[in-house]
Amino acid sequence: MGDIHTVGIVGSGIMGSGLAEVVARSGFSVVVRSRSKSGAEAVVAGVRANLERQVAKGKIEADERDAVLARIKATDHLGRLADCELVIESVVEDLAVKKELFRELEQIVKPDGILATNTSTLPVIELAMATDRPDRVLGIHFFNPAPMMKLVEVVRPITASDDTVKQALAFATACGKDAVEVVDRAGFVVNALLFPYLNNAVRMFEQGTATKEDIDTAMQGGCNFPMGPFALLDLVGLDTSLSILDALYAEFRDPNYAAMPTLRRMVAAGQLGRKTKRGFYAY
Ligand SMILES: NC(=O)c1ccc[n+]([C@@H]2O[C@H](COP(=O)([O-])OP(=O)(O)OC[C@H]3O[C@@H](n4cnc5c(N)ncnc54)[C@H](O)[C@@H]3O)[C@@H](O)[C@H]2O)c1
């Protein structure tokens, strides 16, 4: 695709792994950076396992699996991202951590490289202003699981240039996604609408209106949703969900965004959903 050949991905969690798979499968070279070499290598192992499953099901050829894996490099050195035309940051949803990372990326990545964040809610403008190239910073927000979900929100802070936004939209399209452009407001389109619903499901559970299982069954069967709100919270991660609600509340002061106590207590207890094998459900 045009100007973008090599894409850096920072973070090896749920989204970093999914992004590595999507981007490499779309023909780009990928450098995955995690704080530990083992974290970065675990991403490659995860992509390999997914591709093996696809080969076993006859969905892709073994040659394609090998070609995709050959395009992914794992590293614990941020310096390996120097030659990337695009870096997508997907570390923990914490503004201070992300700002520090953008300051470091500014020093490392070539001057015309685009620095993108996969944040779900945080103000992209603050990350842009942590660099000397705010015109080359924006949000490229993939959804979970990234290989399956069709949507990408391209988030435009007021500093981003038209060319940066154009390249990000073209990149998302090259990844086989439907891209929408949205201004830099907490939650963008999807999470600003989704999270009051998820939070109110927890409120309903707290009030004893129905069990969590029955609320999930009701929303699946009554709205034709693929999963209910508690299964979705567990998939997203309760810590990430809490950070999203806190960021939405900080921006809009709407009580629907004020995280319910159950959510906060479960995060304090380390019950974060699928990734810790325990959340609203056990895995
Ligand atoms: N989970 C979702 O459904 C989802 C969907 C879309 C976007 N996102 C966004 O993607 C980003 C990552 O979310 P995730 O679900 O992959 O989280 P995760 O908890 O699975 O992974 C977080 C990653 O951040 C790293 N990390 C933690 N603290 C760090 C630090 N101080 N410095 C550098 N790295 C650190 C961890 O090692 C891990 O690799 C967040 O911004 C989140 O809002 C999440």
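From a predicted model like this one, the values you see are computed outputs, not experimental measurements. (Residues numbered from 1 in each chain as written. Predicted model: local features only at pLDDT ≥ 70, side-chain atom pairs only at ≥ 80, totals over all residues. Heavy atoms only, no water.)

Draft legend 1. Structural context of the nonpolar core. Judged by nonpolar contacts, the single largest core of 38 residues is most densely connected at V7, L86, I140, F142 and F171. One finds A186, L232, L242 and L245 within the second-largest nonpolar core, a separate group that totals 24 residues. (Core = buried A, V, L, I, M, F, W, Y, C linked by side-chain atoms within 4.5 Å. Buried < 20%, exposed > 50% of the residue type's maximum accessible area, 1.4 Å probe, protein only.)

Draft legend 2. Quick peek at unusual backbone geometry. Here N144 and P145 are connected by a cis peptide whose omega angle stands at 0°. Within the secondary structure, P145 is located in the loop between strand 6 (137-142) and strand 7 (151-156). Positive phi values are uncommon outside glycine, yet F188 reaches one of about 50°. Here F188 lies in the loop between strand 8 (178-183) and helix 7 (190-206). A positive phi angle is found at N224, which is not glycine, with a value near 60°. Within the fold, N224 resides in the loop between helix 8 (212-223) and helix 9 (229-236). (Helix = DSSP H or I, 4+ residues; strand = E, 2+ residues; numbered from the N terminus.)

Draft legend 3. Examining the site of the ligand more closely. In the vicinity of the ligand, 21 residues are found, and the nearest of them are S12, M15, E93, K98 and S120. Side-chain polar atom of R35 to an oxygen atom of the ligand: 3.1 Å apart, as the coordinates give it. Here an oxygen atom of the ligand and a side-chain polar atom of N118 are 3.3 Å apart. Considering the ligand on its own, with 830 Å² of exposed area, one finds that the protein chains cover 81% of that surface. Listed by contribution, the elements that provide at least two residues to the shell around the ligand are helix 1 (14-25), helix 4 (95-108) and strand 6. Per-class residue counts for the shell around the ligand are 7 nonpolar, 10 polar and 4 charged. (Near = heavy atom within 4 Å. Polar contact = N/O pair within 3.5 Å; in protein donor to acceptor, adjacent residues only side chain to side chain. Areas by Shrake-Rupley, 256 points an atom, 1.4 Å probe, with all protein chains shown as cover. Nonpolar A, V, L, I, M, F, W, Y, C, P; charged D, E, K, R; others polar.)

Draft legend 4. Quick peek at the pattern of salt bridges. This structure, assessed with the given rule, holds 16 salt bridges. E213 is paired through a salt bridge with K212; the nearest N and O atoms lie 3.6 Å apart. On the basis of relative accessibility, which here comes to 17%, the residue K212 falls in the buried class. (Salt bridge = Lys/Arg side-chain N within 4 Å of Asp/Glu carboxyl O.)

Draft legend 5. Molecular detail of the pairing of strand 4 (residues 86-89). Here strand 4 shows a buried face lined by L86 and I88 and a second buried face lined by V87 and E89. Looking at chain direction, strand 1 (residues 6-10) and strand 4 are connected through 4 bridges and run parallel. Looking across to strand 4, one finds that I9 is bridged to I88. The pairing of strand 4 with strand 5 (residues 114-117) spans 4 bridges and is classified as parallel. Its bridge partner being in strand 5, I88 is matched across the sheet by A116. (Pairing = 2+ DSSP bridges.)

Draft legend 6. Representation of the packing of aromatic side chains in the model. What the rule picks out here adds up to 6 aromatic pairs. Between F205 and F230, the ring centres sit 5.6 Å apart and the planes meet at 65°, which makes this aromatic pair edge-to-face. A residue pair is termed long-range when its members are at least 10 positions apart, and F205 in helix 7 and F230 in helix 9 qualify at 25 residues. Take F205: its relative accessible area is 28%, and that puts it in the partly exposed class. The exposure class assigned to F230 is buried, which follows from its relative accessible area of 0%. Joined through ring pairs, the aromatic side chains of F205, F230 and F280 make up one cluster. (Phe/Tyr/Trp six-rings, centres within 6.5 Å; stacked < 30°, edge-to-face > 60°.)

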